[in-house]
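Structural overview for review
Okay, here's what each chain looks like letter by letter:
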Amino acid sequence: MSGVVTYEVVRRVAWLTIDRPEARNALSAEVRRLLTEGFERFAADEDAAVLVLTGTGDKAFCAGGDLREMADTALTVPPPDFVPQPGRTIELTKPVVAAVNGIAYGGGFLLAQQCDLVLAAEHARFAVSEAKVGRGAPWAAPLSWLVPPRVAMQLLVTGDPISAQRAREVGLVNEVHPAAELHDAAQALGERIAANAPLSVAAAKQTVRLMAADRFAEAYAAAEALWGPVYLSADAQEGPAAFRDKRTPVWTGR
């Protein structure tokens, strides 16, 4: 792989990196396609036991969807696999670690949320920013399983970011590291996991979600029904258009 997403394996740890720093590693169509290919490559890669997902630079892990592209294409309701979701739209038996090196907003939050473990740089920030641009977040259905419900509510209705330290306090993040140490910490974690018995690791990964597996499927279906009218609203087009045109959105509630 090359271009805006790269894939390499270092001592049985695969690194899948969004390499679009000039756009804060936003999820363009090409990025989404190559991420999907990267996850599928990892699933089939016998030399890789763990995957680390990260972004290039120190500004952004992933700023979310490419709003300019959304505005230009007048995107309405995206399919569940619009952004590849490990554990939902892509089945992976091996662990996936997010190394969040900057902002993780919208679709970037989604990617971090869907990883099995999350490491973050001290300056990283997390936000479900959809309310600020009139878009939808049905993918956030498992959020109140990952963090306390009132924290999930605040994230969703304000769209405001939280710090890496706060994300660790509420259970969204496993470890926080100085930015200069994040890469090595993620590699070391990956190597510790890779040194363990693979069948035990795979079973452990499945065990963690046993209590919620059926509820996840039901929650996603209900969330997609809730957010459908939001995606189809005029406001859902206004938000990306305002971002593209560098103006304040004018919400109509329609």
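This write-up is about the structure you can find in this document. (Residues numbered from 1 in each chain as written. Predicted model: local features only at pLDDT ≥ 70, side-chain atom pairs only at ≥ 80, totals over all residues. Heavy atoms only, no water.)

To continue, consider the pattern of salt bridges. In total, this model carries twelve salt bridges according to the counting rule given. Residue R247 pairs with E238 through a salt bridge whose shortest N-O separation is 2.6 Å. The partly exposed category is assigned to R247, whose relative accessible area is 36%. Given a relative accessible area of 15%, E238 falls into the buried group. (Salt bridge = Lys/Arg side-chain N within 4 Å of Asp/Glu carboxyl O. Buried < 20%, exposed > 50% of the residue type's maximum accessible area, 1.4 Å probe, protein only.)

Right, let's talk about the packing of aromatic side chains for a bit. One pass over the structure, following the stated rule, counts three aromatic pairs. An angle of 40 degrees between the planes, with centres 6.2 Å apart, marks the rings of F109 and W139 as tilted. One end of the pair, F109, is in helix 3 (residues 107–114); the other, W139, is in the loop between helix 4 (130–133) and helix 5 (143–146), and 30 residues separate them in sequence. Per residue, the accessibility class of F109 equals that of W139, and both read buried. Arranged with centres 5.0 Å apart and planes meeting at 90 degrees, the rings of W145 and F216 form a pair that is edge-to-face. Of this pair, W145 sits in helix 5 while F216 sits in helix 10 (residues 213–231), and the two are 71 residues apart along the sequence. Classification of W145 by relative accessible area gives partly exposed; the value is 35%. The structure contains a cluster of three or more aromatic residues connected by ring pairs, namely F109, F126 and W139. It is R32 that lies over the ring of F82; its NZ or CZ is 3.7 Å from the centre. (Phe/Tyr/Trp six-rings, centres within 6.5 Å; stacked < 30°, edge-to-face > 60°. Helix = DSSP H or I, 4+ residues; strand = E, 2+ residues; numbered from the N terminus. Lys NZ or Arg CZ within 6 Å of the ring centre and 35° of its normal.)

Our focus in this paragraph is the environment of V133. Within the fold, V133 resides in helix 4. Classification of V133 by relative accessible area gives buried; the value is 18%. If we ignore the near neighbours within four places in the chain, the residues touching V133 are L67, D235, A236, G239, P240 and W251. (Contact = heavy atoms within 4.5 Å.)

Before going further, it helps to spend a moment on the nonpolar core. In this structure, L35, L51, L53, F61, V100, L111 and F126 are the most contacted members of the largest nonpolar core, which totals 53 residues. It is helix 1 (residues 29–44) that contributes the most residues to this core, five residues altogether. Sequence-distant contacts of L51, defined by excluding residues within four places in its chain, comprise Y7, A14, L16, F39, F42, P95, V96 and V97. Counting residues in hydrophobic clusters, the runner-up holds 16 residues, among them V52, A121, L182 and L189. (Core = buried A, V, L, I, M, F, W, Y, C linked by side-chain atoms within 4.5 Å.)

What follows covers the sheet that holds strand 3 (residues 50–55). With mixed pairing, six strands are arranged side by side in an open sheet as 1-2-3-5-7-10. Lying at the two open borders of the sheet, with one neighbouring strand each, are strand 1 (5–10) and strand 10 (175–177). With direction set aside, neighbouring strand axes in the sheet form an average angle of 20 degrees. Where strand 2 (residues 13–18) meets strand 3, six bridges bridge the pair, whose relative direction is parallel. The residue bridging V13 from the neighbouring strand is V50, located in strand 3. Across the sheet, helix 8 (residues 179–194) touches strand 1, strand 2, strand 3, strand 5 (96–100), strand 7 (117–121) and strand 10, and the angle it forms with strand 7 is around 160 degrees. (Pairing = 2+ DSSP bridges. Axes fitted to C-alpha atoms, helices over the stretch in contact; angles between N-to-C directions.)

Turning next to the sheet that holds strand 6 (residues 103–105). Hydrogen bonding along the main chain pairs the strands of a sheet, whether they run parallel or antiparallel. Overall, mixed pairing links the four strands, which are arranged 4-6-8-9 in an open sheet. A strand with exactly one partner marks an edge of an open sheet, and here the two such strands are strand 4 (60–62) and strand 9 (162–163). Taken together, the three bridges between strand 6 and strand 8 (residues 125–127) define a ladder with parallel strand orientation. Across the sheet, the residue bridging to I103 is R125, located in strand 8. Contacting strand 4, strand 6 and strand 8, helix 3 runs over the sheet at an angle of about 80 degrees to strand 4.

Further remarks concern the pairing of strand 2. A regular strand places its side chains so that they alternate between the two faces of the sheet. Taken across its six residues, strand 2 has six buried, putting it largely inside the fold. In strand 2, alternate side chains face the same way, and those of V13, W15 and T17 on one face and A14, L16 and I18 on the other are all buried. The pairing of strand 1 with strand 2 spans six bridges and is classified as antiparallel. Residue pairing in the sheet places T6 in a bridge with T17 of strand 2.

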